[in-house]
2 protein chains.
Amino acid sequence: MELYHLRTFVTVAEEGHLTRASERLFTSQPAVSAHIKALEEELGVALFDRTPRGMQLTPAGTQLLASARQTLAAASALQQQARGLQDQLIGTVRIGLNTDARFLRLIALQSAVAEAHPQVALEFLAGNTGANLPALRAGKLDATFISGEMDDPAIRSWILCEEELAVAAPAAWRARLETPDVPTLADQPWVFTTEDCSHYGVMRALFQSHCCTPRKTVLANQEDALAAMVEGGIGLGIMRRDVVEAAQREGRLHLVPMQLPSVSLRMACLAQRVADPLVQAVLSELGALWGLDLALRQRASA
Amino acid sequence: MELYHLRTFVTVAEEGHLTRASERLFTSQPAVSAHIKALEEELGVALFDRTPRGMQLTPAGTQLLASARQTLAAASALQQQARGLQDQLIGTVRIGLNTDARFLRLIALQSAVAEAHPQVALEFLAGNTGANLPALRAGKLDATFISGEMDDPAIRSWILCEEELAVAAPAAWRARLETPDVPTLADQPWVFTTEDCSHYGVMRALFQSHCCTPRKTVLANQEDALAAMVEGGIGLGIMRRDVVEAAQREGRLHLVPMQLPSVSLRMACLAQRVADPLVQAVLSELGALWGLDLALRQRASA
DNA sequence: GCGGGCCATCGGAATTCCTGATGGCGCCTC
DNA sequence: GAGGCGCCATCAGGAATTCCGATGGCCCGC
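Analysis parameters
- Residues numbered from 1 in each chain as written.
- Chains lettered and ligands numbered in written order.
- Predicted model: local features only at pLDDT ≥ 70, side-chain atom pairs only at ≥ 80, totals over all residues.
- Heavy atoms only, no water.
- Helix = DSSP H or I, 4+ residues; strand = E, 2+ residues; numbered from the N terminus.
- Buried < 20%, exposed > 50% of the residue type's maximum accessible area, 1.4 Å probe, protein only.
- Contact = heavy atoms within 4.5 Å.
- Areas by Shrake-Rupley, 256 points an atom, 1.4 Å probe, with all protein chains shown as cover.
- Lys, Arg positive; Asp, Glu negative; His and termini not counted.
- Charge placed at Lys NZ, Arg CZ, Asp CG, Glu CD.
- Near = heavy atom within 4 Å.
- Polar contact = N/O pair within 3.5 Å; in protein donor to acceptor, adjacent residues only side chain to side chain.
- Nonpolar A, V, L, I, M, F, W, Y, C, P; charged D, E, K, R; others polar.
- Pairing = 2+ DSSP bridges.
- Buried area = accessible area lost by both parts, 1.4 Å probe.
- Salt bridge = Lys/Arg side-chain N within 4 Å of Asp/Glu carboxyl O.
- Least-squares fit on C-alpha atoms with pLDDT ≥ 70 in both.
- Axes fitted to C-alpha atoms, helices over the stretch in contact; angles between N-to-C directions.
- Parallel < 35°, antiparallel > 145°, perpendicular 65-115°, else oblique.

Enquirer: Sorry, what's going on with the overall build of chain A here?
Expert: Of the regular secondary structure elements, chain A holds 11 helices and 12 strands. In chain A, buried positions account for 52% of the 302 residues. Expressed as a percentage of contacts within chain A between residues at least 6 apart in sequence, the contacts between residues at least 24 apart total 73%. Within the structure as shown, chain A displays about 13800 Å² of accessible surface, and the carbon and sulfur contribution to it stands at 50%. Counting 27 positive and 33 negative side-chain charges, chain A places the centres of these two groups 2 Å from one another.

Structural data, given as structure tokens:
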């Protein structure tokens, strides 16, 4: 039995599904299946019941899950303690992104961290809110930018700023969208994001409050792709207001005059990693950049 | 970082010596070196100072040693908890031997365990007190028979019986050893055992109390080999009294008329494994065989 | 009855780990 | 001062383990 067996066990227990667990663990489904099989054989206990709908913890599996978490927590505590003992902080911090580098002030962050901790490497990993949270939970990210609300007690997050959103339309649609009402907008084709993206929630809330459903034309889970499709005339989309404004000035997009609620841009990490010196290093410099006091604090109010 | 890294770390810390640690871990010295190197690189901390005399824990290594032990203890607790949850006890118990199977009542033990726990396999691994204790500490044995005193708090042991010992001589030496005094015996050639064998301690104590030293002719660390050498006329040796008596009746050995102190035959296991259901299964059946009440008890008085 | 979802297995590839041999360094003895 | 020994680090090759894409079996829903 090794720690990777336990990580797999815990992840499968949380997902109830081998394929989803393999995605969180960034490995393949047969690998996850083999980990569980090997662990069950070594422990001599069935951890899961296999059902057509997925993996269901057995009573024994439920009892052992806590011990597995304790073992992983002890190992994690050792790693964190080690980082506190380093002469100079050494390591790599993998940070998930959910929007463009300039908006997130990544260059300044990189410089600040490099200045304060020469032996800490940052890895900026493109993603989106929907992919980043699972990767964070799976331990594949050390911290991540996300947008929207966050109420998972296993995750700590700090609000960096409020992202103001706007409805973007192809420049050619300007005339027919001077002062549209919501049903008129719903009747237009839309470029959707994935459901786990905060923009999607804003869009859905908008239409639900007017009892109508937008026509989904296409889906794009990257902001660049969404912007390109809107500019290309495929449909409407929700983007950050400052981006739409800049594009409108350049004649590439039309900003539909409508007020949308903002979403909170956050920096998030696992609650149990908050004390990790590597995470602290990033939070500290990020806080300085955004004029905030991030650190070992109560979780920001949702 | 996996659990085998931590096992290596703890063992090297205890031994202060890569080669000795590799022997305890039943692996090779380069493998142990690589484990430590990999762990130090991952943690970003030097765990040991390399000296010509061996590996010396750094201050950071000393601090992390406790965390490593906690992690291993948590993993071990999970495994024990799993065994308690098995429908039927499943597993293998590796038992170290230090004398012949008949004396240790192994056949009866095997039958009793098989009857009570059909899915528990016993592995009887030949050894001696000197090799068995390191193997037990290294986790390569689950339990072991040993002889002699035991004062290591990390090990629990139960006295099964007192082994009466006797000095055996080649049958041809009968005439010159009718009623020998100790200096006379010391002047004879002797077949030694290794120093970690309890018989060695008895022999040394005998001569030290008379201020003389026996002549070492040859060394044998297996009882069979020792018996063969004594029968072959190479020298004297200390053996179990019942074995010498049986051989004398058959004319193969001469039992030198002299009283020796007895040594305690014990069953030992790691203190932290006492609660392990597999170990409990063996102790329970063994206790029934020897008419004793072994189990979750205070350690037997030394 | 058919298609889809889910997990288990297989064979081959990739990666990791181990081992025997060997080298470098420091210390001790002659 | 030189040589030998002890100890750890490295190397190359082999062994073992793990991973992955493909595929099969079973169950469920339409």
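Enquirer: So what exactly am I meant to see when it comes to the protein's contact with DNA strand D here?
Expert: Taken together, 19 residues lie around DNA strand D, and A:Tyr4, A:Thr27, A:Ser28, A:His35 and B:Arg50 are the ones closest in. In DNA strand D, the atoms that sit within 4 Å of the protein are 77% sugar and phosphate, with bases accounting for the remainder. Between DNA strand D and the protein, one listed contact pairs a sugar or linking oxygen with a side-chain N or O atom of B:His17 at 3.0 Å. Taken together, the elements giving at least two residues each to the surface near DNA strand D come down to α3 (29-43) of chain A together with α2 (18-24), α3 (29-43) and β2 (54-57) of chain B. For the surface near DNA strand D, the element with the most residues is α3(B), which contributes 4 residues. When the residues that make up the surface near DNA strand D are grouped by side-chain class, the tally is 8 nonpolar, 8 polar and 3 charged.

Enquirer: For this particular structure, what's the right way to read the pairing of strand β12 (residues 263-270) of chain A?
Expert: Two faces, one strand: in a regular strand the side chains alternate between the faces of the sheet. Residues and elements named next belong to chain A. Counted residue by residue, β12 has 8 buried out of 8 residues, so it is predominantly covered. Taken together, the 4 bridges between strand β5 (residues 143-147) and β12 define a ladder with antiparallel strand orientation. The partner of Ile 146 across the bridge, within β12, is Arg 266. As judged from the 8 bridges shared by strand β6 (residues 155-163) and β12, these two strands associate in the antiparallel manner. Across the sheet, the residue bridging to Trp 158 is Met 267, located in β12.

Enquirer: Would you explain the interface of chain A and chain B in this entry?
Expert: Every contact between the two is made by 25 residues of chain A and, on the other side, 25 residues of chain B. Both faces combined, the contact of chain A with chain B buries some 2300 Å², and carbon together with sulfur accounts for 64% of it. Its largest share of buried area at the contact with chain B, chain A owes to A:Met1, A:Leu78 and A:Leu85, together 24% of the area lost on that side. Remark: the boundary between chain A and chain B carries 2 salt bridges. Those elements that provide at least two residues to the side of chain A that touches chain B are α1 (3-15), α3 and α4 (59-85) of chain A. At 13 residues, the largest contribution of residues to the side of chain A that touches chain B is made by α4(A).

Enquirer: Honestly, the relation of the copies chain A and chain B in this entry has me stumped. Any pointers?
Expert: Both copies of the chain are related by a screw-like operation: a rotation about an axis and a shift along it. In screw terms, the move from chain A to chain B is a rotation of 179° and a rise of 0.1 Å along the axis, fitting with an RMSD of 0.3 Å. What the superposition gives is, in effect, a two-fold axis relating one chain to the other. By residue overlap, the copies meet face to face through one surface: 100% of the interface positions of chain A are interface positions in chain B.

Enquirer: Would you mind going over the packing of helix α1 (residues 3-15) of chain B against α3(B) with me for this structure?
Expert: The description of two packed helices rests on the angle between their axes and on the distance between the axes. All names here are of chain B. Following both chains from N to C, one finds α1 and α3 inclined at 105°, their axes separated by 9 Å at the closest point. The angle between the axes of α1 and α3 places the two elements in the roughly perpendicular class. Counted together, Tyr 4, His 5, Leu 6, Thr 8, Phe 9 and Val 12 of α1 and Val 32, His 35, Ile 36, Ala 38 and Leu 39 of α3 form the full contact between these two elements.

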